[in-house]
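Listed below, chain by chain, are the residues.
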Amino acid sequence: MYNADVVVIGAGAVGTAIGRELAKYKVRAIVVDKRDDVGGDASKSNSSIICSGADCPPETLESELCRSERLMIERVVKELDVPFRVCGAIMPAITQQQMDALPEIYNDAYRNHVYDVEFVSPKQILEMEPEVNPAVLGGLYIPGDAVIDPFLFVAAQAENAAENGVQFLLNAEVKDIVVENGAVERVETTAGSIKTKYVINAAGLFCDEIAEMAGERDGFVVKPRKGQFFILDKNTPVRISHIIYPIPTPESRGKLLLETVHGNILLGPTAEDLEDKEDHSVTAEELEGVERDCRRLVPNIRVQDAITQYCGLRPNRIPAGYNIGFGKKTKGYFGITGVRSTGVSSSLGVAKYVIWQFRKNGINWERNFDFSPTRKGIVRFSEQTPERKAELIKENPLYGRVICRCETVTEAEIVEAIHRCAGPRTVDAVKRRVRAGMGRCQGGFCAPKVIEILARELHVPAESIEKNLQGSYMLTGKVRNGEETAE
Ligand SMILES: Cc1cc2nc3c(=O)[nH]c(=O)nc-3n(C[C@H](O)[C@H](O)[C@H](O)COP(=O)(O)OP(=O)(O)OC[C@H]3O[C@@H](n4cnc5c(N)ncnc54)[C@H](O)[C@@H]3O)c2cc1C
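Conventions used here
Residues numbered from 1 in each chain as written. Predicted model: local features only at pLDDT ≥ 70, side-chain atom pairs only at ≥ 80, totals over all residues. Heavy atoms only, no water. Salt bridge = Lys/Arg side-chain N within 4 Å of Asp/Glu carboxyl O. Helix = DSSP H or I, 4+ residues; strand = E, 2+ residues; numbered from the N terminus. Buried < 20%, exposed > 50% of the residue type's maximum accessible area, 1.4 Å probe, protein only. Polar contact = N/O pair within 3.5 Å; in protein donor to acceptor, adjacent residues only side chain to side chain. Contact = heavy atoms within 4.5 Å. Core = buried A, V, L, I, M, F, W, Y, C linked by side-chain atoms within 4.5 Å.

### Comments concerning the pattern of salt bridges
Move 1: The full count for this structure, using the stated rule, is 46 salt bridges.
Move 2: Taking the shortest distance from any N to any O, the salt bridge between D218 and K328 comes out at 3.1 Å. One end of the pair, D218, is in the loop between α6 (207-213) and β15 (221-232); the other, K328, is in the loop between β21 (323-326) and β22 (333-337), and 110 residues separate them in sequence.
Move 3: Its relative accessible area of 71% is what places K328 among the exposed residues.
Move 4: With a shortest N-O distance of 2.8 Å, R456 and E457 are connected by a salt bridge.
Move 5: By relative accessible area, E457 is classed as buried at 18%.
Move 6: Residues joined by salt bridges that share partners form a network here, namely D208, E209, E212, R217 and K277.

### Side note on the side chain of N201
Move 1: Secondary-structure assignment places N201 in strand β14 (residues 198-201).
Move 2: Its relative accessible area of 0% is what places N201 among the buried residues.
Move 3: Here C207 takes part through its backbone oxygen, which lies 2.9 Å from a polar atom of the side chain of N201.
Move 4: In contact with N201, not counting residues within four places along its chain, are I9, C207, I210, A211, Y333, F334, G335 and I336.

### Structural notes on the nonpolar core
Move 1: Judged by nonpolar contacts, the single largest core of 55 residues is most densely connected at I324, I336 and W365.
Move 2: In terms of nonpolar packing, the next biggest core, distinct from the first, is built from 28 residues, A89, A109, V114 and I142 among them.

In structure tokens:
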């Protein structure tokens, strides 16, 4: 039996931000997740945008929390050493109907208190982004929108929270929330029971099921809304430097284009309403739609330079809207639902808002003045000067062993990642921390080496190393019973 003051369910963008915020107080906090890595579900398969709040539903908690994160993010990414770029966004109108929609979008930005949005002429747009469709009639410029490395954003918050005393319990699926005399008593997980006074539901797509366990379902459901993407090779010749948004419709924000913080071009996502919360398939038909729609904005984009496709499932709450607060029936239950399309952009705001709600309810934890907000990122060998590279190899010869040739990731970086707090245990988790396998060959060459390093550093057999999800083993056994091949 574990003991905690607060249990946070879910180690995605929202749960880890709350974990880090809780580390600023003298509370025993445990963040649990059913996966074997922090990073969440939707939090690791999204568009990577930190929006300024301009295009959120006007005058909502969602827009308020996105705007509040935008005020904090530049400090937080410095503290946590996370790649981030304020690139701004352009929303070009290609048809007269789209032009007619612009004033309302502009007004909504004002209603959301984002006042730096500007109307821009076709000439201005083409000066800013020469690859935009030359038929553009005008558009909006949203200077505050930015891109982030969403994997590291979440992992870094988890690491920092763990370094400050928050416990992360992984491979721990919550099966029940035991309520006694109308109050949370304990959380039952596949890794054991946790006695606690408060439970915070940050389970994303599964938050409805967690709410049900606490008797707090209150009629809402969460359905997956799938988004499929292309990622293009860094060398693709058609470049853009801003986020290029389509004009949104009431149904969807549409398919966009951007350059990620690592220099790949991202296209997507789709918006497909599903029933199955485990459907992570990508389909030719939907991806053709991504290409078609993105070409309307940037006609020369080269989808033939795609190095991978992936999808994410938005936790689509019905009825929609951010719903964050204490339960109505069960004392000690706190729910976070409705964080559908903007949960990375709002997670820091959500975490602050959670603490504020606790304070408003008279729960004033003592501050932890020992909290250290900084986390040093793993040195990226490929970004160092030749002199620094030589020094690094001298200090640690593992810097001299390049494991991922596409992204120039060395063995030293992988080993360091594995031994960090809340470190990676699977091949994909290593990929998310240091980018080994993120390049053109998508791990074709480096995955066997990563398996070897994981097995060696974790003192487990190579056959037990998984790709990502539980049971996704990559090796079935040894060829020739492990005997060396005769030379
Ligand atoms: C296609 C797409 C594009 C998007 N683009 C953007 C964007 O550009 N910018 C932006 O801000 N947002 C974007 N979003 C939305 C954003 O990704 C989500 O709002 C956000 O990631 C939600 O974070 P979360 O922590 O609530 O959920 P998740 O990341 O889903 O994490 C929830 C965690 O709960 C765990 N869990 C669930 N059930 C249990 C259980 N029973 N026991 C233990 N653990 C459990 C899961 O394993 C998971 O790790 C996009 C989403 C998608 C899918």
